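Secondary and tertiary structure notes
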Amino acid sequence: MAQHTLSVLVENKPGVLTRVTSLFARRGFNIDSLAVGVTEDPTLSRITIVVGGDDTPIEQVTKQLHKLINVIKIQDLDAGSMVDRELVLFKVSAPPDRRHEIIEIANVFRTKIVDVGKNSVTIEATGAADKLEAMEDLLRAYGIKELARTGKIALSRGLREGPA
Amino acid sequence: MRMIGGKALVQALEDAGVDVVFGYPGGVALPIFDALYDSTSVRSILPRHEQGATHMADGYARVMGRPAAVIVTSGPGATNTVTGIANAYMDSIPMVVFSAQVATPVIGTDAFQESDITGITVPITKHNYLVKDPAELPEVIAEAFHIASTGRPGPVLVDVPADVSKAEITYKWPAAVNLPGYKPTYRGHARQIKQAAQMIAKARKPLLYAGGGVLASGAWAELKELAELMQIPVAATLMGKGAFPEDHHLFLGMPGMHGPKFVNYALTETDLLIAVGVRFDDRVTGKLSSFASRAKVIHIDIDPAEIGKNKPVDVPIVGDAKLVLAAIVSELRKTASEPRTEAWMRVVDDWRARYPLHYQHSGDIVMPQFVVERVRELTKDRPTVIATEVGQNQMWSCQYTRIREPRTWVSSGGLGTMGFGLPAAIGAQVGRPEHLVVDIAGDGSIQMNSQEMATASIEKLPVKVVVLNNGFLGMVRQWQELFYEHRYASSVLAQDCPDFVKLGEAYGWHGERVTCPDDLDGALGRAFDHDGPAIVDCRVSGEENVYPMVAPGGSIDEMLGGIPGGPVSEMLDGELLTEVWE
Ligand SMILES: Cc1ncc(C[n+]2csc(CCOP(=O)(O)OP(=O)(O)O)c2C)c(N)n1
Ligand SMILES: [Mg+2]
């Protein structure tokens, strides 16, 4: 099975995230990435889950998720009909003499330098998965000291909506 | 009305229509028990172990079709309910468990008798709650009972901290619950129903495969109507026993690992499997690839996640079995469909005659199957609930009883919980005081909750326990005999320890021992007629096996033991076969 991006609208209550992740663990479904935050309606949160691996039967995943009382709605978003983003922080080792090269790369990718240390530079990058991967590849040559990513978030594209 | 949380909880139970609580107190649960003390409409029963409480509520729900409540204290009280909750979850039995919890300010500090019971029970409850705001108590309880008893039923746990049950609140029972994420589908899809009806009308070798969902939905009349209208034979799972009268000529028996051979042959040969409220459990299907492999499959279930989970389905129908079966029947009547199963029934009847269940009768030794047969015969003319423990005793009970009334069979299916039978029988007796309630037990299982014999005595619940005392963890021993070269590791008990008659006497029960087949009827009769609880210690043949048997992972038409006969393809009678195929 290819990767699926599930956008799961849930009640914003304590313990809901645990129920979702516990269900994945119990049923043996793999989570590639997970991001969660409150929505425009403060009583609701959106969990964006990327599931993948050939062993994950997506239909079972969504049906089991639907059974959770706190789950309101699930969308299985496909590449064509969603906008998706992820934010990554790269802390790259940057001795003073090579710092400018790294800043150059950051500029080419239209990303931001958010911290400069004695021997490192931290870059904030957002974008779709392919861009972030390309960037990671390039930066690896300089030595990535630390990396943190938010997990993918996604929304369905506007054309999916009905008339305003 | 203003009242404290504990009082509100009891008031809510009354408003939810609960008439019995199985409760075991402890420190932080006292505000609730104190309120319970004043209730006139809720009967309060003290089990001797919290596991017993949950199985009692489970047994009650199985015979009544509605939930009872369980109330326990925090920490060990709560953790002792885990097996009972898991059991109810696996068998989709409605139940609401209230666990007291340490006070909210100390939650998370490893306070005395604190356990994260909502965390522990996430995977074994349909839903659970930790109530932090006392004002929410009535609403949460209304939701808990609604969730437990609608859709696919199941257990719900409500964790109530001590400060919540002491806080004063304004009590108001909500007129309706509002759960935006919970909307079970009851009506089947019209087009799917039509298609199912068309397939049923055309099928030459249809088979109904009925499970616990038929009982949960109260769909037995509709099931019978469909079976009779189209003359379709019925196989009922362990959970579905009682969904169809077992003395009916269309009733075949239990499919799967220990089902009669002819039932598994019918499953292998059917051209249309009509699965109702079942989940294609591995104990039924054996090797999935050869299960009903010649059949188109219609699957009716209220839980969409069950459809297609294990076996691909041709016509999925998500809905309540009662409504869906009624719709299918009305569609068949509209199209004036006629049964076409005469030849098929002849094939099935021929198998039935050739491959009945079978065991070696004896004049000297009490055979366990014989005991079940005698229980069946001696209870024929009175309303009876049969409960079982787990192991060989359970399988023989499945094979040799004839359950004729819905919701009079109480047995742990999905979890296979030894120690379930006695407390579940006690719960069933609470719900059905006029019924004779018999627990067919194993000598191992009965010892797992035998402390509940006290509960039966004190609460005047005249349950009967018939122990198939074989001196072994028999089902384990059977597997060791067959698959582990007779190495009986940790499966040997002792027939005379404990002395079940004396154990019964210690609890104020009537007790008898049977060592010879001729004495069986007398002992059973006296036990059943006794006006209090009774135990009959049947010293049965020690190394008897449950047959026939599908080897684990094998195809269900290839069975060990029983009347010799090969796989179904070799067994089909040539002439009948041609007729069926046309
Ligand atoms: C709580 C629990 N522990 C272990 C098992 C595994 N098990 C299944 S059947 C069985 C033996 C049951 O022995 P007994 O009650 O004497 O019944 P018999 O098979 O002898 O009729 C065991 C140990 C179980 N089902 N439940
Ligand atoms: Mg035994």
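These numbers were taken from a predicted model, which means no experiment stands behind them.

For the rest of this paragraph, the subject is the overall build of chain B. A count of helical and extended segments in chain B gives 24 helices and 22 strands. For chain B, the C-alpha radius of gyration of 24 Å lies close to 25 Å, the compact-globule estimate for 582 residues. Summarising its shape, the C-alpha atoms of chain B cover approximately 80 × 60 × 45 Å along the three principal directions. Expressed as a percentage of the 582 residues in chain B, the buried residues total 61%. Considering only residue pairs separated by 6 or more positions, chain B has 78% of its internal contacts joining residues 24 or more positions apart. Element-wise, carbon and sulfur atoms account for 52% of the exposed surface of chain B, whose accessible area totals about 21,300 Å². Of the side-chain charges in chain B, 51 are positive and 69 negative, and the distance between the mean point of each set is 5 Å.

Time to look at the domain arrangement of chain B. Residues and elements named next belong to chain B. Here the domain parsing of chain B yields domain 1 (2-170), domain 2 (190-354) and domain 3 (368-539). Summarising the inter-unit geometry, the C-alpha centres of domain 1 and domain 2 are found 37 Å apart. With six residues of domain 1 at the contact, the number on the domain 2 side is six residues. Of the roughly 490 Å² buried between domain 1 and domain 2 on both sides combined, carbon and sulfur atoms contribute 57%. It is Met90, Asp91 and Arg152 in domain 1 that bury the most area against domain 2; as a group they hold 71% of the surface buried on that side. One can count two salt bridges joining domain 1 with domain 2. One salt bridge in this structure joins aspartate 303 and arginine 152, with 2.8 Å as the shortest N-O distance. At the junction of domain 1 and domain 2, the tally comes to two residue pairs in polar contact (both at pLDDT 80 or more). Here the residues of the side of domain 1 that touches domain 2 are counted per class, giving two nonpolar, one polar and three charged.

What follows covers the nonpolar core. In terms of nonpolar packing, the biggest core is built from 44 residues, with Phe22(B), Val410(B), Leu422(B), Val463(B), Val465(B) and Trp509(B) touching the most fellow members. Counting residues in each nonpolar core, the second largest holds 39 residues, with Phe33(B), Tyr129(B), Val140(B) and Ala144(B) among its members.

Take the domain arrangement of chain A next. Residues and elements named next belong to chain A. For chain A, the domain assignment lists domain 1 (2-77) and domain 2 (83-153). If you sort the residues of domain 1 by the area they bury against domain 2, Ser33, Ala35 and Thr48 come out on top, with a joint share of 64%. On inspection of domain 1 and its partner domain 2, the count reaches zero salt bridges. One can count two residue pairs in polar contact (both at pLDDT 80 or more) joining domain 1 with domain 2. Of all the secondary-structure elements, those providing two or more residues to the side of domain 1 that touches domain 2 are strand E2 (31-38) and strand E3 (44-51). Broken down by element, the residue count for the side of domain 1 that touches domain 2 peaks at three residues, all from E2. Looking at the side of domain 1 that touches domain 2 residue by residue, the class counts come to three nonpolar, three polar and no charged.

All names here are of chain B. Strand order in the open sheet formed by six strands is E3-E2-E4-E5-E7-E6, and the pairing between neighbours is parallel. A strand with exactly one partner marks an edge of an open sheet, and here the two such strands are strand E3 (43-45) and strand E6 (127-130). Strand-to-strand twist in this sheet, taken as the mean axis angle between neighbours without regard to direction, amounts to 20 degrees. The strands touched by helix H1 (residues 5-15) within the sheet are strand E2 (20-24), strand E4 (69-72), strand E5 (95-101) and strand E7 (155-161), with E4 carrying the most contacts at an inclination of about 165 degrees.

This next bit is on the site of ligand 1. All names here are of chain B. Of all residues adjacent to ligand 1, which total 17 residues, the nearest are Gln392, Gly416, Asp443, Ser445 and Gly474. In this structure, an oxygen atom belonging to ligand 1 sits 2.6 Å away from a side-chain N or O atom of serine 445. For ligand 1, whose accessible area on its own is 590 Å², the fraction buried by protein is 76%. Where the shell around ligand 1 is concerned, the elements lending two or more residues are helix H17 (392-400) and helix H20 (474-483). The element best represented in the shell around ligand 1 is H20, accounting for three residues. Across the shell around ligand 1, the residue classes break down as seven nonpolar, nine polar and one charged.

In an α-helix, one full turn covers 3.6 residues, which means residues spaced three or four apart are oriented alike. Residue and element names in this part refer to chain A. Among the ten residues of helix H2 (residues 58-67), seven are classified as buried, and the element is accordingly described as predominantly covered. When we look at burial in H2, the residues that qualify are Ile58, Gln60, Val61, Thr62, Lys63, Gln64 and Leu65. Residues of H2 that are buried make contact with strand E1 (4-11), helix H1 (16-27), E3 and strand E4 (71-77).

Facing the 17 residues of chain B at the interface are 14 residues of chain A. Here chain B packs against chain A, burying approximately 1,300 Å² in sum over the two surfaces, 54% of which is carbon and sulfur. The interface formed by chain B and chain A includes one salt bridge. Along the contact surface separating chain B from chain A lie six residue pairs in polar contact (both at pLDDT 80 or more). Among the residues forming the side of chain B that touches chain A, the class breakdown is ten nonpolar, three polar and four charged.

Okay, the pattern of salt bridges next. Within the structure shown, the criterion is met by 40 salt bridges over all chains. Glu269(B) is the salt-bridge partner of Arg294(B), the closest N and O atoms lying 2.9 Å from each other. Pair noted here: Arg294(B) is in the loop between helix H13 (282-285) and strand E13 (296-301) and Glu269(B) is in helix H12 (residues 261-269), with a separation of 25 residues, a long-range link. Taking relative accessible area as the criterion, Arg294(B) reaches 42% and is therefore assigned partly exposed. When its relative accessible area of 1% is taken as the criterion, Glu269(B) is described as buried. The network of salt bridges with common partners includes Lys67(A), Arg152(B), Asp303(B), Glu306(B) and Lys309(B).

Residue and element names in this part refer to chain B. Scanning all chains against the criterion turns up eleven aromatic pairs over all chains. With 6.4 Å between their ring centres and 40 degrees between their planes, phenylalanine 98 and phenylalanine 145 make a pair best called tilted. Placement of the pair is phenylalanine 98 in strand E5 and phenylalanine 145 in helix H7 (residues 137-149), with a sequence separation of 47 residues. Here phenylalanine 98 falls in the buried class, since its relative accessible area comes to 0%. Among the residues examined, phenylalanine 145 registers a relative accessible area of 7% and is labelled buried. In this structure an aromatic cluster arises from ring pairing among Tyr265, Trp344, Trp351 and Tyr355.

The subject of this paragraph is unusual backbone geometry. Working note: non-glycine residues mostly have negative phi, and peptide bonds are mostly trans. All names here are of chain B. Look at the link from cysteine 497 to proline 498: it is a cis peptide, with omega at 0 degrees. Note that proline 498 resides in the loop between H20 and helix H21 (500-506). Following tyrosine 547, the chain continues into proline 548 via a peptide bond in cis, with omega recorded as -5 degrees.

Another point: the side chain of Thr417(B). All names here are of chain B. Positionally, threonine 417 belongs in the loop between strand E16 (409-410) and helix H18 (421-431). Given a relative accessible area of 6%, threonine 417 falls into the buried group. Not counting chain neighbours up to four residues away, the residues in contact with threonine 417 comprise Gln51, His55, Thr83, Asn87, Val390 and Ser412.

A few words now on the coordination of the magnesium ion (ligand 2). Residues and elements named next belong to chain B. Those protein atoms acting as donors to the magnesium ion (ligand 2) are Asp443 (OD), Asn470 (OD1) and Phe472 (O), and they sit at 2.0 to 2.1 Å. Read in sequence order, the donor residues for the magnesium ion (ligand 2) give the motif D-x26-N-x1-F. Linking aspartate 443 in the loop between strand E17 (436-442) and helix H19 (452-458) with asparagine 470 in the loop between strand E18 (464-469) and H20, this pair joins segments that are 27 residues apart in sequence. A single burial state applies to aspartate 443 and to asparagine 470, both of which are buried.

The rules we used
- Residues numbered from 1 in each chain as written.
- Chains lettered and ligands numbered in written order.
- Predicted model: local features only at pLDDT ≥ 70, side-chain atom pairs only at ≥ 80, totals over all residues.
- Heavy atoms only, no water.
- Helix = DSSP H or I, 4+ residues; strand = E, 2+ residues; numbered from the N terminus.
- Rg over C-alpha atoms; globule rule 2.2 N^0.38 Å.
- Buried < 20%, exposed > 50% of the residue type's maximum accessible area, 1.4 Å probe, protein only.
- Contact = heavy atoms within 4.5 Å.
- Areas by Shrake-Rupley, 256 points an atom, 1.4 Å probe, with all protein chains shown as cover.
- Lys, Arg positive; Asp, Glu negative; His and termini not counted.
- Charge placed at Lys NZ, Arg CZ, Asp CG, Glu CD.
- Domains from an automatic or database assignment.
- Buried area = accessible area lost by both parts, 1.4 Å probe.
- Salt bridge = Lys/Arg side-chain N within 4 Å of Asp/Glu carboxyl O.
- Polar contact = N/O pair within 3.5 Å; in protein donor to acceptor, adjacent residues only side chain to side chain.
- Nonpolar A, V, L, I, M, F, W, Y, C, P; charged D, E, K, R; others polar.
- Core = buried A, V, L, I, M, F, W, Y, C linked by side-chain atoms within 4.5 Å.
- Pairing = 2+ DSSP bridges.
- Axes fitted to C-alpha atoms, helices over the stretch in contact; angles between N-to-C directions.
- Near = heavy atom within 4 Å.
- Phe/Tyr/Trp six-rings, centres within 6.5 Å; stacked < 30°, edge-to-face > 60°.
- Donors = N, O, S within 2.8 Å, 3.2 Å for Na, K, Ca; no water.

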